[in-house]
Amino acid sequence: MAPEDMAEAAKKTGKLLQIGHQRRSNPRYIYAYEKIIEQSLLLGRITTINGQWNRSKQACLDRDIPQKYYIDQATLEKNGFESMHQFLNWRWFKNLGGGPIVDLGSHQIDIYNWFLKSRPVSVIASGGTDYYDTKTHQWYDIVLAVYEYQTPAGPVRAFYQTGTTNSSNGYFESFMGDEGTLVISEASNRGSIYRETWVAAEKWDKWVSNGVLYKQCDAEIKCLEEAKKKCIKDCLCPQIIDPESGAIVDVRESPVPPRYDLPIILSKPYHQPHLENFFNAVRGTEKLNCPADIGYETAVTVLKVNEAVAEAKKLMFKPEEFAAI
């Protein structure tokens, strides 16, 4: 079923439809949006976003099951599958899914729209089936995309990468402002805010004192600084030492930004808060965190990436594209 069909069915029937962008119900993401971005304005003006979801080759190998569990061919074809292999690995086939950028990237790119309270105006992307067999992996196994947003505060450029041959640094989102950076991930309760060193510590201290932030241990900061000094003393490259005076040439290296942490820990499975939100919406005690109209906007945002890869050029969004019906 196409996204617009789902949105239209929800509107016509009046039934509740929750789209599975579970970060919308994650208390850490909600806290980061409400307290860090909206209330305290600690990031300043957001100018850049980076995000990625990298998976190892092992996690992306084709799936199979013992033949005794295979579905008969007639049933497979009746439901749109050419083979059992296609049934088990449907995400890689163009008539059945949207590939890793949709399967993985949609969850994170949805956060871009949410935290910016905006929709992108353009996207340019590069990708391809560079590693796997194109007969069994029709969709791109690597995609690099750059969005442009226009917000009331100014333009924002947002990069996103999804790779399926190496798991380096896993998955996370990074929101970079002129005064601070938020790095957050659904994995391992990762969530830290880094203050740009030119910003006075006193500006952030009040948010530490009222419990909005936890400050990194001062001893840990000191250890980092001492390690950095030792590295400069012991390992400094000859190219940046003045041969006559022996002085260190100014290389404009930025100091290590102080780290602060979110005070919220999620002890439940990642998807549980989203399910609870849906059940509570059914009971009438909450509103859906990701209803059909939001899910549709994200679908439009993400699906355009595959178009941009195929056309090998920058594509523009039209405002009317984001309206489901």
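This text goes with the structure placed above it.
Engineer: Got a sec to walk through the overall build of the protein? Specific residues and values, please.
Structural biologist: When its secondary structure is counted, the protein shows ten helices and ten strands. Across the 325 residues in the protein, those meeting the buried criterion constitute 40%. Taking as baseline every contact in the protein between residues at least 6 positions apart, the subset at least 24 positions apart corresponds to 70%. Of the roughly 18100 Å² of accessible surface on the protein, a fraction of 54% belongs to carbon and sulfur atoms.

Engineer: Could you give an account of the packing of aromatic side chains, naming the residues involved and the relevant values?
Structural biologist: In this structure the tally under the stated criterion is 17 aromatic pairs. Ring geometry for Trp 53 and Tyr 171: centres 4.3 Å apart, planes at 20 degrees, overall stacked. Remark: Tyr 171 occurs in strand S5 (residues 171–177) and Trp 53 occurs in strand S1 (residues 46–54); sequence separation between them is 118 residues. Ring pairs connect the aromatic residues Tyr 29, Tyr 33, Tyr 112, Trp 114, Phe 115, Tyr 160 and Phe 175, which therefore count as one cluster. The ring of Phe 317 carries the charged tip of Lys 304 above its face, separated from the ring centre by 5.3 Å.

Engineer: Could you give me a rundown of the nonpolar core, with the residues and numbers involved?
Structural biologist: Phe 115, Leu 182 and Leu 213 are the most contacted members of the largest nonpolar core, which has 56 residues in total. If sequence neighbours within four positions are ignored, Leu 182 has contacts with Ala 32, Ile 37, Leu 43, Phe 115, Glu 173, Ser 174, Phe 175, Ser 192 and Ile 193.

Engineer: Outline helix H6 (residues 105–116), listing residues and values.
Structural biologist: Its twelve residues give H6 an end-to-end C-alpha distance of 17 Å, which sits within 8% of 16 Å, the value for a rise of 1.5 Å per residue. Buried residues dominate H6, accounting for twelve of its twelve residues. Every buried residue belonging to H6 is among Gly 105, Ser 106, His 107, Gln 108, Ile 109, Asp 110, Ile 111, Tyr 112, Asn 113, Trp 114, Phe 115 and Leu 116, and all of these are buried.

Engineer: Pulling in residues and values, what's your account of unusual backbone geometry?
Structural biologist: A positive phi angle, near 55 degrees, is found at Ser 188, a position not held by glycine. Counting through the fold element by element, Ser 188 comes out in the loop between strand S6 (180–184) and strand S7 (191–195). Relative accessible area serves as the criterion here: at 67%, Ser 188 is assigned to the exposed category. Of note, Ala 312 is a non-glycine position whose phi angle comes to about 55 degrees, a positive value. With respect to the element layout, Ala 312 can be found in the loop between helix H10 (292–311) and strand S10 (315–316).

Engineer: Please set out the pairing of S5 residue by residue, giving values where relevant.
Structural biologist: Sheet faces and side chains relate simply in a regular strand, where the side chains alternate between the two faces. Most of S5 is tucked away: six of the seven residues are buried. Sheet topology note: the S1/S5 ladder contains seven bridges and is antiparallel. Counted as the bridge partner of Gln 52 is Phe 172 from S5. Between the antiparallel neighbours S5 and S6 lie two residues.

Engineer: An account of the environment of Arg 157 is needed here, citing residue identities and associated values.
Structural biologist: Relative to the helices and strands, Arg 157 resides in strand S4 (residues 154–163). Each C-alpha atom, one on Arg 157 and one on Pro 120, is 9.2 Å from the other, the two residues being 37 residues apart in sequence. Sequence-distant contacts of Arg 157, defined by excluding residues within four places in its chain, comprise Thr 47, Thr 48, Ile 49, Tyr 147 and Glu 148. Among the polar contacts listed, one links the side chain of Arg 157 to the side chain of Glu 148, at a separation of 2.4 Å.

What counts and what doesn't
Residue positions within a chain follow its written sequence, with the count starting from 1. Confidence filtering applies because this is a predicted model: local features only for residues at pLDDT of at least 70, side-chain atom pairs given and counted only at 80 or more, and all residues used for totals across whole chains, interfaces and linings. Note: side-chain values were computed over all heavy atoms of the structure, leaving out hydrogens and water. A run of H or I in DSSP becomes a helix once it reaches four residues, and a run of E becomes a strand once it reaches two; helices and strands are each numbered from the N terminus. Exposure is judged per residue with a 1.4 Å probe applied to protein chains only, and the accessible area is read against the type maximum: over 50% gives exposed, under 20% gives buried, and values in between give partly exposed. Any two residues whose heavy atoms approach within 4.5 Å at even a single point are treated as in contact. Surface accessibility follows the Shrake-Rupley procedure with a 1.4 Å probe radius. Residue values consider only the protein chains on display as shielding. Aromatic rings from Phe, Tyr and Trp, taking only the six-membered ring of Trp, are treated as a pair when their centres fall within 6.5 Å; an angle between ring planes under 30 degrees marks them as stacked, one over 60 as edge-to-face, and anything in between as tilted. Charge-over-ring placement is defined geometrically: NZ (Lys) or CZ (Arg) within 6 Å of the ring centre, and within 35 degrees of the ring normal. By nonpolar core we mean a set of buried residues, namely Ala, Val, Leu, Ile, Met, Phe, Trp, Tyr and Cys, connected to one another through side-chain atoms within 4.5 Å. In this scheme, a helix's expected span is set at 1.5 Å multiplied by one less than its residue total. We treat two strands as partners when DSSP finds at least two bridges between them. As used in this structure description, the phrase polar contact means that two N or O atoms lie within 3.5 Å; if the pair is within protein, one of them must be able to donate a hydrogen and the other to accept it, and residues adjacent in sequence are counted only when both atoms belong to side chains.

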